[in-house]
Amino acid sequence: MPTALITGASGGIGAAFARELAKRQTDLVLVARSQDKLHKLAQQLQEDYQIEVEVIVQDLIVPDAATNVFKSVTQKNITIDLLINNAGFGDYGSFSQTSRTKQLEIIQLNILALVDLTHQVLPQMQQRGSGIIMNICSISGFQPLPYLSIYSASKAFVLHFSEALWAENQHTGVKILVVCPGPTQTDFFEVAGFNKMSNSGSQNQDIESPESVVQEALNALERDDCTVVTGSWKNHIIVNLARFLPRKLLVKVVEPQFRPKA
Ligand SMILES: NC(=O)c1ccc[n+]([C@@H]2O[C@H](COP(=O)([O-])OP(=O)(O)OC[C@H]3O[C@@H](n4cnc5c(N)ncnc54)[C@H](OP(=O)(O)O)[C@@H]3O)[C@@H](O)[C@H]2O)c1
């Protein structure tokens, strides 16, 4: 049975990946900080689908987090066939007024942990001539977002990094896919503090379910895609706006949509 390692598997899109992959008879390694949620999910999936599920409770923001995860997997003699770099968060607000620590943690989690895990897992996949790395990005990776500046910049990094890796690995047998969801029904908005947004009603329009993101991602994998934008047609328009509008105009138009309440 193949094994998938999923970061941020305690809820939202990560947990939806875990449920769908378990259904498809994939053994799992679930990584996040919430021990109780991870063990509950692991137990449920083991009972329902008779698969092996390992739990690694790890804060991916701490230095050497990826090494700890990789060591733990190696000690258990587990080979990772599918790595899903999904853990991530945003912090809404004017950059100068948001917490410096939180902004740096976004970079640590959304970028550094993802790069480090990928760097530890990819060489083994290349040696075997098989494997899949899926990086969960966002439509916000396609354009700068005022009041989510570090988050959108972190996702731009994930987008560029993943697409470059896809090209590097065309002939290695390793598949790379970058998944770009739009607004999705998870704890993301609560964690990011979106209730401070003046236009916050708009965030609920065309919101996708995490299960739908997962289905679209797995379909894209079968098509050997490099990048997939999930959700409604609006998401496809948003990711293409940056191609046609002058950059200054684009950020000027977006700014009032995201401006915090006075
Ligand atoms: N929801 C959206 O609208 C949306 C849209 C586009 C892209 N995305 C992306 O989708 C991915 C998943 O987010 P989600 O929407 O499913 O949000 P979520 O429900 O808040 O889930 C985030 C996951 O990341 C984990 N996580 C957070 N901080 C962590 C840390 N320091 N160390 C380890 N794990 C950590 C959380 O688990 P613990 O708290 O247990 O650690 C949780 O499992 C993120 O990369 C996000 O940027 C989301």
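A brief report on the enclosed structure follows. Please read these numbers as outputs of a predicted model, since none were measured by experiment.

1. Things to note about the sheet that holds strand 5 (residues 131–136)
What links the strands of a sheet is backbone hydrogen bonding, and the strands pair in either a parallel or an antiparallel sense.
Alright, step 1. One open sheet accounts for seven strands, arranged 3-2-1-4-5-6-7; its pairing is parallel. At either margin of the open sheet sits one strand with a lone partner, and together these are strand 3 (53–57) and strand 7 (227–229). Averaged over all pairs of adjacent strands, the angle between strand axes in this sheet comes to 15°, irrespective of strand direction.
Alright, step 2. Where strand 1 (residues 3–7) and strand 4 (residues 82–85) come together, three bridges link them in parallel fashion.

2. What about helix 4 (residues 100–128)?
Alright, step 1. Between the first and last C-alpha of helix 4 there are 42 Å, a value that for 29 residues agrees with the 42 Å anticipated at 1.5 Å per step.
Alright, step 2. Its axis deflected by about 30° at Leu112, helix 4 carries its strongest bend there.
Alright, step 3. Between a side-chain oxygen at the N-terminus of helix 4 and the backbone nitrogen of Thr101 the separation is 3.3 Å; the capping residue is Ser99.

3. With respect to the site of the ligand
Alright, step 1. The full set close to the ligand counts 30 residues, and Arg33, Ser34, Asn86, Tyr151 and Thr186 are the nearest of them.
Alright, step 2. With respect to the ligand, the backbone of Gly8 contributes an N or O atom lying 3.0 Å from an oxygen atom.
Alright, step 3. Calculation on the ligand without its partners gives an accessible area of 870 Å², and the protein chains cover 93% of this total.
Alright, step 4. For the shell around the ligand, a count of residues per class yields 14 nonpolar, twelve polar and four charged.

4. Observations concerning the nonpolar core
Alright, step 1. Judged by nonpolar contacts, the single largest core of 33 residues is most densely connected at Ile6, Phe17, Leu21, Leu28, Leu30 and Met134.
Alright, step 2. The greatest single-element share of this core, amounting to seven residues, is contributed by helix 1 (residues 12–23).
Alright, step 3. If we ignore the near neighbours within four places in the chain, the residues touching Leu21 are Ala4, Ile6, Thr26, Leu28, Leu82, Ile84 and Leu218.
Alright, step 4. In terms of nonpolar packing, the next biggest core, distinct from the first, is built from 28 residues, Phe70, Ala87, Val174 and Ile176 among them.

5. So, helix 5 (residues 149–168)
Alright, step 1. Compared with the 28 Å implied by 1.5 Å per residue over 20 residues, the 29 Å span of helix 5 between its first and last C-alpha is a close match.
Alright, step 2. Here the buried face of helix 5 lies against helix 4, strand 5, strand 6 (174–180), helix 6 (188–192) and strand 7.

What counts and how
Along each chain, numbering runs from 1 in the same order as the chain's sequence is written. Restriction of local features to residues with pLDDT of at least 70 applies here, the model being predicted, together with a cutoff of 80 or more for giving and counting side-chain atom pairs; totals for whole chains, interfaces and linings are based on all residues. Each side-chain value is derived from all of the structure's non-hydrogen atoms; neither hydrogens nor water enter the calculation. For two strands to count as paired, DSSP must find a minimum of two bridges between them. Here a strand is any run of E in DSSP of at least two residues, a helix any run of H or I of at least four, and the numbering for each starts at the N terminus. Lines fitted to C-alpha atoms define the axes, with helix axes restricted to the stretch in contact, and inter-axis angles between N-to-C directions lie between 0 and 180 degrees. By this rule the span expected of a helix is its residue count minus one, scaled by 1.5 Å. The angle between axes fitted to the seven residues ending at a residue and the seven residues starting there is what we call the bend at that residue. We call two N or O atoms a polar contact when they sit within 3.5 Å, provided that within protein one can donate a hydrogen and the other can accept it, with sequence-adjacent residues counted only if both atoms are side-chain atoms. If even one non-hydrogen atom of a residue comes within 4 Å of a molecule or strand, that residue is called near it. What sets the accessible areas is the Shrake-Rupley method with a 1.4 Å probe; for residues, cover comes only from the shown protein chains. Basically, the charged four are Asp, Glu, Lys and Arg, the nonpolar ten are Ala, Val, Leu, Ile, Met, Phe, Trp, Tyr, Cys and Pro, and anything else, Gly included, counts as polar. Put simply, a nonpolar core is a bunch of buried Ala, Val, Leu, Ile, Met, Phe, Trp, Tyr and Cys residues held in one set by side-chain atoms that sit within 4.5 Å of each other. Burial classes follow relative accessibility: with a 1.4 Å probe on protein chains only, a residue under 20% of its type's maximum area counts as buried, one over 50% as exposed, and anything between as partly exposed. In what follows, a contact means two residues having at least one pair of non-hydrogen atoms within 4.5 Å.

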